[in-house]
Amino acid sequence: MKDWWLNREPRERWLLTGAGLILLVLAFWLVVWEPLAVKRQQLTRRLDNQQSTLLALQDISQQAATLAASRPDSGLPPDTTLLGLADRTVRARGLAGSLRRIEPESEHRVRVWLDQAPFDQTVGWLQSVAASHGIGVIDANVSSGEQPGLINIQVTLADEGH
C-alpha cells in the first residue's frame, strides 16, 4: 500500500487526501452529528408538549381550588362508598375503557389508575366529582399518553367531608 501511495503523483496524493478528508467529515456528519440533531429536536418537542400539559394542569388545579372554595360541602350520598362513587362516575364519564384499577386506601380515600385516558374527559370527571360530591384530589401523578390528548394518571381522591 505504501509503494502504491509513493508511486502516485503529488497532485494525485493531494486529491486523494482531500477526498479522504471529505469522506471522513461526511461520515462524521451522517453517523454522529445528524442523529444527535434529530434526537435533540424530538426531545425538544416532547419537552414542549409536557410543559403545555403542565400549564394546563396548573390552570385546572387553580380552577378546581376556586370551585372547591365556593361550593357547599355536599359530601357523599347516604349508603354510598367512595369506591363505588369513583367507579360509577368514571364509567358515567366514558372512561371505563381507560380504567385500569381502583383500590381503597381507607374508608374516605381511594386511588384510581387510568391509562390512555382522554385528557378533557378525565379533567371533566375530576371536576364533576369535586363539584357534585365534595370529593377532592389529594395526589395525582400524570404522564403523557402514547398519542396527543391522552394521559396516564394515578389519582388519590378523598371525601373532603371527613
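As the structure is a prediction and not an experimental result, all values here were calculated from the model.

A. Structural context of a nonpolar patch on the surface. Together, L23, L26, F28, W29, L30, V31, V32, W33 and L36 line one region of the surface with nonpolar side chains, adding up to about 940 Å² of accessible area. By secondary structure assignment, the location of V32 is in helix α2 (residues 10–70).

B. Expanded view of the pairing of strand β2 (residues 109–118). Two strands pair when backbone bridges link them, and strand β1 (residues 99–106) and β2 are joined in this way by six bridges, in the antiparallel orientation. Following the sheet pairing, S106 is matched in β2 by R109. Here β1 folds back onto β2 in antiparallel fashion, the turn holding two residues. Summarising the sheet, β2 and strand β4 (residues 150–159) pair through eight bridges and their orientation is antiparallel. Bridging from a neighbouring strand, L114 pairs with I153 of β4.

What counts as what
Residues numbered from 1 in each chain as written. Predicted model: local features only at pLDDT ≥ 70, side-chain atom pairs only at ≥ 80, totals over all residues. Heavy atoms only, no water. Patch = residues over 30% accessible without salt bridge, like charges linked within 9 Å, V, L, I, M, F, W, Y side chains within 5 Å. Areas by Shrake-Rupley, 256 points an atom, 1.4 Å probe, with all protein chains shown as cover. Salt bridge = Lys/Arg side-chain N within 4 Å of Asp/Glu carboxyl O. Helix = DSSP H or I, 4+ residues; strand = E, 2+ residues; numbered from the N terminus. Pairing = 2+ DSSP bridges.

These figures come from the coordinates and say nothing about function on their own.
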